[in-house]
Amino acid sequence: MYLTEKEQRMLEGAEGYAVRKSMEILVALGDIYDAKSLIKVGSVQVAGVSYHNLGDAGLEFLNELAKDGKVRVLTTLNPAGMDLENWQQLGISPEFAEKQNLVIDAFKRMGILISCTCTPYLIGNLPLYGEHIAWSESSAVTFANSVIGAKTNREGGPSALAAAFVGKTPCYGLHLDENRVPEVHVQVNAELTKLSDWGALGYAIGKKAENKIPYITGVKAADLDELKSFCASVVTYGAKPLFYIKGITPGAEQQPQPKETVTIEQADIKNAYDNINDEVSDIELVCVGCPHCSINEIAKVAELLEGKKVADGTEFWVATSRTAKQLADKRGYTQIIEAAGAKFACDTCMAVAPLKGRFKSLATTSAKGCFYSRQNNMKTKMGSMEECVEAAVTGKWSS
Ligand code: F3S
């Protein structure tokens, strides 16, 4: 990969340890993927924030980098392993909290915004159409590429950090227009009537698109919450982190419709639910907000929960960014939700919190949430916000 004189000096250590290490990572990646050069990025989203995933080795690596590493572009963080303020309320141990706080401390010293959300685009890290960025959380990467029209590969935690310290990333993969051409036409003949249907659609397309870029037709309308749910699901279940929906996402009209066509029928949506849902009726954890709840979704939870009580033996978590929670505080939603016995899980989520062994069953609106919760040995149910609130109030899955 070609390096400018300045980049070469960075690689040789002229700008300190963190920049040298970062250049080593970026050059290695560039060589593997045949990048011709580095390109500037407008922002970075760093995943790999939970101490649960990092462990002591990861913490040590971050502390080394934090000695002289400072980010050069707006850099935000993915969810951590706990709510940074109310971790005790979510049953997190003091030992875990201490380690998680050390991780956050290291990121702070690097100059990273302690945002801890997978919806950075809702809290001020909003790239422009066509802008190159280096993001590393799969749903956010898919949203950035497809809904915003920015350009990013799916970075790993270390390569995203490296891009933040250098302000650049190797120009390969989805940074190049020739790699952003849709590869399979997906004709949707199914009707989507609730939020979780978008998770089911993501499952169905992810399975049929098989790591290709889908060009989707037949979808008449989509709102932001539906698109973010779809982004999380389609990439979790198999597709590349980029899609086009004709008439809805930017750039779709300029792309050619691929010849290879698959269809999604109502039976495929039903099949997705059948595969995502387990046999279970008692629900121990209800968690909504995967990806993190928008203020609209929090408003909906408040409306549905008002005057009700979460069942004994069931926990109800509303996972969201701290910024959205602050809006919810001001609008009175927090009071309604907490009065019902539900809890906010800010800064964290069901996939990165240390939940293994704590809950046997989960109800959620999210197909991605089900995928990761199964890895935590939970039986899963996916349904609408109404069905999830009902499960929280009764402790049972009814449909
Ligand atoms: Fe976000 Fe966690 Fe879901 S990172 S997309 S809430 S698994």
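Remember, it's a predicted structure, so these values are computed and weren't measured experimentally.

Asker: Can you tell me about helix α6 (residues 157-166), naming the residues and giving the values?
Answerer: Within α6, eight of the ten residues are buried, leaving the element largely enclosed by the surrounding structure. Every buried residue of α6 is listed here: S159, A160, L161, A162, A163, A164, F165 and V166. Looking at the residues trailing α6, positive phi occurs at G167, about 80°.

Asker: Please give an account of the packing of helix α3 (residues 51-66) against helix α4 (residues 94-109) that cites residues and values.
Answerer: It is the contact of α3 with α4, at a shortest axis distance of 9 Å, that shows an interaxial angle of 35°. Here the hand of the crossing between α3 and α4 comes out left-handed. Only F96, K99, Q100, L102, V103, A106, F107 and R109 of α4 make contact with α3, whose side of the interface consists of Y51, H52, L54, D56, L59, L62, N63 and A66. Grouping the amino acids of the contact of α3 with α4 by side-chain chemistry returns ten nonpolar, three polar and three charged.

Asker: Tell me about the site of the ligand, residues and numbers included.
Answerer: As a matter of local geometry, the ligand sits amid P79, C118, E137, S139, G289, C290, P291, C349, A351 and K368. With three residues, the single largest contributor to the shell around the ligand is strand β10 (residues 285-293). Tallied by class, the residues present in the shell around the ligand amount to six nonpolar, two polar and two charged. Here the shell around the ligand spans two domains, since at least three of its residues come from each of domain 1 (5-177) and domain 3 (277-394).

Asker: Before we move on, can you summarise the sheet that holds strand β9 (residues 261-264) with the specific residues and values?
Answerer: Taken in spatial order, the four strands line up as β8-β7-β6-β9 in an open sheet, and their pairing is parallel. The sheet terminates laterally at β8 (244-245) and β9, the two strands that pair on one side only. Bridge analysis of strand β7 (residues 214-217) against β8 gives two bridges, and the strand direction is parallel. From the neighbouring strand, Y215 faces β8, where its bridge partner is Y244.

Asker: Just give me the short version of the pairing of β10, but keep the residues and values in it.
Answerer: Here is the key point about a regular strand: its side chains alternate between the two faces of the sheet. Of all nine residues making up β10, nine are buried, and the element is well covered by its neighbours. Where β10 lies against strand β11 (residues 315-320), five bridges are found, and the strand directions are parallel. Bridging from a neighbouring strand, V288 pairs with V318 of β11. Where β10 meets strand β13 (residues 361-364), two bridges bridge the pair, whose relative direction is parallel.

Asker: I'd love a proper account of helix α5 (residues 138-148), names of residues and values included.
Answerer: Counting buried residues in α5 gives ten out of eleven residues, a clear majority hidden from the surface. Of the positions making up α5, those classed as buried are S138, S139, A140, V141, T142, F143, A144, N145, S146 and I148. Backbone geometry just downstream of α5 places G149 in the positive-phi region, at approximately 85°.

Asker: Please set out the domain arrangement of the chain residue by residue, giving values where relevant.
Answerer: Assigned domains of the chain: these are domain 1 (5-177), domain 2 (181-275) and domain 3 (277-394). The C-alpha centroid of domain 3 is placed 25 Å from the C-alpha centroid of domain 2. Facing 16 residues of domain 2, the contacting portion of domain 3 comprises 17 residues. Of the roughly 1,300 Å² buried between domain 2 and domain 3, counting both surfaces, carbon and sulfur atoms make up 58%.

Asker: So, the environment of T261: which residues are in play, and what are the values?
Answerer: Among the secondary structure elements, T261 is positioned in strand β9. When its relative accessible area of 42% is taken as the criterion, T261 is described as partly exposed. When the C-alpha atoms of T261 and E183 are compared, they prove to be 9.4 Å apart, with 78 residues separating the residues in sequence. Only 3.1 Å separates the side chain of T261 from the side chain of H185, close enough to count as a polar contact.

Asker: Run through the sheet that holds strand β2 (residues 43-46), naming residues and quoting values.
Answerer: The strands making up a sheet associate through hydrogen bonds between their backbones, and the pairing can be parallel or antiparallel. Across the sheet, three strands lie side by side as β3-β2-β4; this open sheet has parallel pairing. Strands at the two margins of the open sheet, each flanked by one partner only, are β3 (74-77) and β4 (134-135). With two bridges connecting them, β2 and β4 associate as parallel partners. Looking across to β4, one finds that Q45 is bridged to W135. Contacts between α6 and the sheet are confined to β2, β3 and β4, with β2 contributing the most and set at about 150° to the helix.

Asker: Requested: an account of the nonpolar core, with residues and values cited.
Answerer: Grouped together as the largest cluster of nonpolar side chains are 45 residues, with contacts concentrated most on V44, F107, M110 and L161. Of all elements in the fold, only β2, α3, α4, α6, β10 and β11 reach the threshold of two or more residues within this core. Element by element, the count of residues in this core is highest for α4, at six residues. The two domains that each donate at least three residues to this core are domain 1 (5-177) and domain 3 (277-394). The residues contacting V44, other than those within four sequence positions of it, are V73, L74, T75, T76, N125, A134, W135, A160, A163 and A164. In this structure, Y121, W135, I148 and I205 belong to the second largest nonpolar core, which totals 39 residues.

What counts, and where the lines are drawn
- Residues numbered from 1 in each chain as written.
- Predicted model: local features only at pLDDT ≥ 70, side-chain atom pairs only at ≥ 80, totals over all residues.
- Heavy atoms only, no water.
- Buried < 20%, exposed > 50% of the residue type's maximum accessible area, 1.4 Å probe, protein only.
- Helix = DSSP H or I, 4+ residues; strand = E, 2+ residues; numbered from the N terminus.
- Axes fitted to C-alpha atoms, helices over the stretch in contact; angles between N-to-C directions.
- Left-handed = near helix turned anticlockwise from the far one by under 90°.
- Contact = heavy atoms within 4.5 Å.
- Nonpolar A, V, L, I, M, F, W, Y, C, P; charged D, E, K, R; others polar.
- Near = heavy atom within 4 Å.
- Domains from an automatic or database assignment.
- Pairing = 2+ DSSP bridges.
- Buried area = accessible area lost by both parts, 1.4 Å probe.
- Polar contact = N/O pair within 3.5 Å; in protein donor to acceptor, adjacent residues only side chain to side chain.
- Core = buried A, V, L, I, M, F, W, Y, C linked by side-chain atoms within 4.5 Å.

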